[in-house]
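Each chain, letter by letter, is given below.
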Amino acid sequence: MNGSTLPNVRFIAIDDNPLDLLFVTEFAKAFPFLQNCGAFSSALEGYEAQQYIKPDLIFLDIEMPGFSGLELLRKVRAEVDMSVFITSHQEFAIHGYELSALDYILKPLTKERFDETARRIREYALMKHRSEAYEVLFEKDILMIKEGHNQVKLSQKDIIYLEAMQDYTKIITPQKNYITLSTLTCFMEQLPSDRFMRVHRSYAVSLNQIKELRHSEVVCNNTIIPVGKTYRSAIAKLRL
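Residues numbered from 1 in each chain as written. Predicted model: local features only at pLDDT ≥ 70, side-chain atom pairs only at ≥ 80, totals over all residues. Heavy atoms only, no water.

**Student:** Can you tell me about the pairing of strand β13 (residues 203-206), naming the residues and giving the values?
**Tutor:** Burial along β13 is two-sided: Y203 and V205 and A204 and S206, pointing in opposite directions, are all buried. Judged from the three bridges that link them, strand β9 (residues 161-165) and β13 form a sheet pairing that is antiparallel. Paired with E163 across the two strands is Y203, which belongs to β13. Here strand β12 (residues 196-200) pairs with β13 via four bridges, running antiparallel. Looking at β13, one finds that M197 is bridged to V205. (Buried < 20%, exposed > 50% of the residue type's maximum accessible area, 1.4 Å probe, protein only. Helix = DSSP H or I, 4+ residues; strand = E, 2+ residues; numbered from the N terminus. Pairing = 2+ DSSP bridges.)

This is the structure:
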């Protein structure tokens, strides 16, 4: 992953576990665009540091001394463009996404999982840097995507899957990917439920693109997409 195509993403990491802090800072070294501006062992220290560092991104735990990572993010969400929770607590995930966290990682943090998050951070930062947020209009069987003064007519049947990126949604097709200024929830309200299914808080798939069903994954056009726990019962009822 080459970070030279976008400005540095300045981050701080906050966790009361020194080993988890070390993992974040060490894994981040593999991505030149991620600039480490400090690691802090409590939410209070992290909050005070955020006030003068003004990072683009915060990696943070949830349960910490003083006050929680959720409380911290509520205080600074208007000032921080990106946040990633790294926690042992699955039950707080919905609160993290309500606060528009870019990702929510369950411990133990692995290099593979961090690399996946780094990809999402890079895509989001690059999108913001290039202002490649396209408007989308929903019409019968097609999407009209505005790219500046141009319009692209995209058939729904060409969509492989959709990926949420905070307030944006990425549309993946065989030919090209599009970033749209619309949430995944908005997409699911507009797209026909007999053709598209949400399978994860961050993903929805085109049913006719599913090649294989697994317990916790679906395969679409050779891409493996995770299935969230709350969506597995619905996936289990599908028949290819």
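Once you've had a look at it, read on.
**Student:** Describe unusual backbone geometry, naming the residues involved and giving the relevant values.
**Tutor:** Note that the residue after K107, namely P108, is joined by a cis bond; omega there is 5 degrees. Residue placement: P108 occurs in the loop between β5 (103-106) and α5 (111-130). Of note, the phi angle at N221 is positive, near 50 degrees, even though the residue is not glycine. Checked against the element boundaries, N221 lands in the loop between β15 (217-220) and β16 (223-226). Judged by its relative accessible area of 36%, N221 is partly exposed.

**Student:** Describe the side chain of K107, and please don't skip the residues or the numbers.
**Tutor:** Tracing the backbone shows K107 in the loop between β5 and α5. There is a polar contact of 2.8 Å between the side chain of K107 and the side chain of D20. (Polar contact = N/O pair within 3.5 Å; in protein donor to acceptor, adjacent residues only side chain to side chain.)

**Student:** So what about the packing of helix α2 (residues 43-53) against helix α3 (residues 69-76)? Which residues, and what values?
**Tutor:** At a minimum axis distance of 10 Å, the contact between α2 and α3 shows a crossing angle of 20 degrees. In terms of orientation, α2 lies roughly parallel with respect to α3. For the pair α2 and α3, the crossing hand works out as right-handed. Taking contact as the criterion, the partners of A43, G46, Y47, Q50 and Q51 in α2 are, on α3, L72, K75 and V76. (Axes fitted to C-alpha atoms, helices over the stretch in contact; angles between N-to-C directions. Parallel < 35°, antiparallel > 145°, perpendicular 65-115°, else oblique. Left-handed = near helix turned anticlockwise from the far one by under 90°. Contact = heavy atoms within 4.5 Å.)

**Student:** Please give an account of the environment of S193 that cites residues and values.
**Tutor:** Topologically, S193 is positioned in the loop between α6 (184-190) and β12. According to the relative accessible area criterion, S193 is exposed, its value standing at 65%. Separated by 14 residues in the primary sequence, S193 and L207 place their C-alpha atoms 9.4 Å from one another.

**Student:** Talk me through the nonpolar core; I want residue IDs and the actual numbers.
**Tutor:** Membership of the largest hydrophobic core comes to 27 residues, with the highest contact counts inside it found for L34, L57, F59, F114 and I121. At the level of elements, β1 (9-14), α1 (18-28), β3 (57-60), β4 (82-87) and α5 are the ones that each hand at least two residues to this core. With six residues, the top contributor of residues to this core is α5. Look past the residues within four positions of L34 in its chain and what remains in contact with it is V9, F11, A28, L57, F114 and I121. The next biggest cluster of nonpolar side chains, apart from the first, holds 19 residues, and it includes I58, V76, F85 and A101. (Core = buried A, V, L, I, M, F, W, Y, C linked by side-chain atoms within 4.5 Å.)

These figures come from the coordinates and say nothing about function on their own.
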